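Listed here are the chains, written in short residue letters.
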Amino acid sequence: MDRTDQIPVFPNVFPYNELLMTGQLLAKTRSWVFKYRGPILLYTSGRNESIICESYGLDPQLFPHSMVVGRANLVDVRPITMAERKIITRQFNPGATKRQISDYLKYGLLDFEMIGALDIGFFFEDIERLPQPVKIKWPRGAVTLCYLPISEAEPLLARNT
């Protein structure tokens, strides 16, 4: 399907976009690859990752959900290195000790509930919070990506300089 007239909208449960926008997350990981590179919109779904919210002291009720909350440039999608896996696993689990992270990565041992990085890293640059979150019509069901026509996406991608 030709999507040259559309912009991808990348969904995340809360607080992953918040961590990306505040520089606390190196990359978002997925189990699938994506050939697109360029401007992308960040959508926060209605769900929360409670463990990470608690670890970072973020109250989900204070943040927008089911909305486009940010914009970025997707610059790379590739398998993550072991060094990146360590960084991202630490960022997903800020309360874990170095030993817990090491044991998890080496042996898959879990002393407590831990969130691990998936194999494919989505790396962004120029990540920016939208001045005002925007509600869009999100497709029902499990969706990996949504697309907006360029005419709808351009105002959201415009940067205030």
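Please refer to the structure higher up on the page.
Note that this is a predicted model, so its numbers are computed, not measured. Counting from 1, residues in each chain are numbered in the order their sequence is written. At least 70 in pLDDT is required for a residue's local features to be given in this predicted model, at least 80 for side-chain atom pairs to be given and counted, and no such filter applies to totals for whole chains, interfaces and linings, which use all residues. Working from all heavy atoms in the structure, the side-chain values ignore hydrogens and water.

Engineer: In this structure, what is going on with the packing of helix α3 (residues 82-92) against helix α4 (residues 98-107)? I would like to understand it.
Structural biologist: Working note: a packed helix pair is described by the angle between its axes plus the distance between those axes. Close contact between α3 and α4 brings their axes to 10 Å; oriented N to C, the two are set at 125°. Relative to α4, the element α3 lies oblique. Here α3 and α4 pass one another in a crossing that is right-handed. Contact residues: α3 offers R85, K86, T89 and R90, while α4 offers K98, I101, Y104 and L105. Classes in brief: Ala, Val, Leu, Ile, Met, Phe, Trp, Tyr, Cys and Pro nonpolar; Asp, Glu, Lys and Arg charged; the others, Gly included, polar. Of the residues that constitute the contact of α3 with α4, the class distribution is three nonpolar, one polar and four charged. Axis lines are fitted through C-alpha atoms, for helices just across the contact stretch, and the angle between N-to-C directions can take any value from 0 to 180 degrees. Helix and strand definitions follow DSSP, with helices as H or I runs of at least four residues and strands as E runs of at least two, each counted in order from the N terminus. These descriptions rest on fixed angle ranges, namely under 35 degrees for roughly parallel, over 145 for roughly antiparallel, 65 to 115 for roughly perpendicular, and the rest for oblique. If you view the pair so one helix is near and one far, a crossing is left-handed when the near helix is turned anticlockwise from the far one by less than a right angle, and right-handed when it is turned clockwise. Here, residues are in contact when the closest pair of their heavy atoms is within 4.5 Å.

Engineer: Where do I start with the packing of aromatic side chains in this structure?
Structural biologist: For any pair of aromatic rings, geometry is given as the distance between the ring centres together with the angle between the planes. A pair of Phe, Tyr and Trp rings is counted when the ring centres sit within 6.5 Å of each other, with Trp represented by its six-membered ring. The angle between the planes then sorts it: under 30 degrees is stacked, over 60 is edge-to-face, the rest tilted. Counting across every chain of the model gives nine aromatic pairs. Ring centres 4.1 Å apart and planes at 10° place the aromatic pair Y43 and W138 in the stacked group. One end of the pair, Y43, is in strand β3 (residues 38-48); the other, W138, is in the loop between β5 (120-134) and β6 (146-149), and 95 residues separate them in sequence. W138 carries the same exposure label as Y43, and that label is buried. Relative accessibility thresholds used throughout: buried, under 20% of the residue-type maximum; exposed, over 50%; partly exposed, between the two (1.4 Å probe, protein chains only).

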